[in-house]
Amino acid sequence: MKKAVCLLFLIGSTVLVSFQGKAVSYLLFYFALLLPLLALLYSLYVYFRFKIVQNVSHLVVKGQKVPYQLILGNEDFLPFTDITLHFYTDMVSMQHDSADRELQHLCLLPHAQKQVETKMYCRHRGTYPVGVKSVTVTDFLGLFTITYPMMSQVRLTAKPRILPLERLSLALQKKDPKNTLFPTSRLQNLPDYEVRHYQSGDPKKYIHWKNSARAGELLVRKQMPEELFETIIFMDLSPIEDEEEKRLQKEDNIIETALSFVHDYYLKNIPVRIFFMEDTLREMLVDAGTGFEPFYDKCSELSFSSPYPLNQVWESVPASSGCGSCILITASVTDDLVRSVSEKQQAGTEALLINVGELAL
């Protein structure tokens, strides 16, 4: 409607100049010509003078709702008309259904301020921009509608969840009722006679509880190499070919499954050694000395860009043929991987292959 009025005004002033040619006619004509330029300059002015402040935590856990505050301000003497905000929605969900209508065709009077408070949560782990993505400004005549990207971005890091191992076990059993997780250590199967009396300072994890209960005193195992307690985890970081949402979910499943095992074993004082392939083979140890946090922080930034499939990564690590337990976590089970696991199992390696590709965690 505004565009039609402006067009009629321009046509009318042109006709008036053509037939009369007086000063007032030319004044109206030149004013009609200047209106689009004024409208364009107004749109630019609004964009650069419009104040946006965003407050949100920069470090969250995937799926955890966090407060998000948006403050919009007009500190000038001109009213700001018809402003629309657009938000990042690819990786983040925002609970501003009611506020969303308020942020469409927004008008701010001089020295006015508008504040919106809602919550957001990240659907996947990683670091990415959140909040306002772009601003659409329409001039007071409705002649120009220009969308500007935000000059500064708010970036948020979403850490993966630490799921209880029981929840992971239930999800695996729901997918495959025959699936059972192996014991955390082969120490349960060591001969009972390899024990001695408990001495002050012996780690509690070395106590043989079965024989201690039978003898009525604390007994610990003799010659207990640390490798017998150690669990080795292999994470498949090879690229996943799938549509984006499914790909991100599978990547999260691999990371969160590994974290579930590592965190559970860490709480039980069972050392865990994790192997994964980035540009080179990486190794991380999680035990009482190193702590859990370094591995947890690393999981927030892992990229799935391994140049080698999981079976080649596993076979390249000599320690995987030792007496510890091995857990292989992948989102795609190949024939080569199954054959490799079968060969290692026949050779005496305790190995568990977990396919988390279709798990709903």
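For the structure, check the block above.
These numbers were taken from a predicted model, which means no experiment stands behind them.

Asker: Any chance you could break down the sheet that holds strand 17 (residues 325-330) for me, citing the residues and the numbers?
Answerer: In space, the five strands of this open sheet follow the order 16-15-14-17-18, with mixed pairing throughout. Both outer strands of the open sheet, strand 16 (281-286) and strand 18 (350-355), are each paired with one neighbouring strand and no more. This sheet shows a mean twist of 20° between the axes of neighbouring strands, independent of strand direction. Looking at chain direction, strand 14 (residues 231-235) and strand 15 (residues 272-277) are connected through five bridges and run parallel.

Asker: Describe the nonpolar core, listing the residues and the values that go with them.
Answerer: Core analysis: the largest hydrophobic core is formed by 36 residues, its most contacted members being Ile233, Met235, Ile254, Phe261, Val262, Ile274 and Phe295. Every element with two or more residues in this core is listed here: helix 4 (165-175), strand 14, helix 7 (244-267), strand 15, strand 16, helix 8 (293-299), strand 17 and strand 18. With seven residues, the single largest contributor to this core is helix 7. Formed by 34 residues, the second largest nonpolar core is a distinct cluster that contains Tyr68, Met91, Val92 and Val154.

Asker: Before we move on, could you go through a negative patch on the surface and cite the residues and values that matter?
Answerer: Residues Asp90, Glu243, Glu244 and Glu245 make up a contiguous surface patch of negative charge. Take aspartate 90: it is sitting in the loop between strand 4 (80-87) and strand 5 (92-94). Exposure remark for aspartate 90: the relative accessible area of 57% places this residue in the exposed category.

Asker: Could you give me a rundown of the pattern of salt bridges, with the residues and numbers involved?
Answerer: Applying the stated criterion across every chain, the model contains 15 salt bridges. For glutamate 278, the salt bridge identified is with arginine 282, shortest N-O distance 3.3 Å. Within this structure, Lys62, Arg125, Arg161, Asp252 and Glu256 form a network of salt bridges that share partners.

Asker: Lay out unusual backbone geometry with the relevant residues and their values.
Answerer: Unusually for a residue other than glycine, histidine 111 sits at a positive phi of about 60°. With respect to the helices and strands, histidine 111 occurs in the loop between strand 6 (106-108) and strand 7 (113-122). We note that asparagine 269 has phi near 60°; this positive angle belongs to a residue other than glycine. Tracing the chain through its elements places asparagine 269 in the loop between helix 7 and strand 15.

Asker: Hey, could you go over helix 10 (residues 335-346) for me, with residue numbers and the actual values?
Answerer: An ideal rise of 1.5 Å per residue puts 16 Å on 12 residues; helix 10 measures up with 17 Å between its terminal C-alpha atoms. Taken residue by residue, helix 10 has Leu337, Ser340, Val341 and Lys344 as its buried positions. The arc that holds every buried residue of helix 10, seen down its axis, measures 95°, which confines them to one face. Residues of helix 10 that are exposed and point over 90 degrees away from its buried face: Asp335 and Gln346. On its buried face, helix 10 sits against helix 9 (310-315), strand 17 and strand 18. Downstream of helix 10 by one or two residues, glycine 348 has phi in the positive range, about 105°.

Conventions adopted
Residues numbered from 1 in each chain as written. Predicted model: local features only at pLDDT ≥ 70, side-chain atom pairs only at ≥ 80, totals over all residues. Heavy atoms only, no water. Pairing = 2+ DSSP bridges. Helix = DSSP H or I, 4+ residues; strand = E, 2+ residues; numbered from the N terminus. Axes fitted to C-alpha atoms, helices over the stretch in contact; angles between N-to-C directions. Core = buried A, V, L, I, M, F, W, Y, C linked by side-chain atoms within 4.5 Å. Buried < 20%, exposed > 50% of the residue type's maximum accessible area, 1.4 Å probe, protein only. Patch = residues over 30% accessible without salt bridge, like charges linked within 9 Å, V, L, I, M, F, W, Y side chains within 5 Å. Areas by Shrake-Rupley, 256 points an atom, 1.4 Å probe, with all protein chains shown as cover. Salt bridge = Lys/Arg side-chain N within 4 Å of Asp/Glu carboxyl O. Lys, Arg positive; Asp, Glu negative; His and termini not counted. Charge placed at Lys NZ, Arg CZ, Asp CG, Glu CD. Expected span 1.5 Å × (residues − 1). Arc of directions from axis to C-beta. Contact = heavy atoms within 4.5 Å.

Everything listed is a geometric property; what it means functionally is a separate question.
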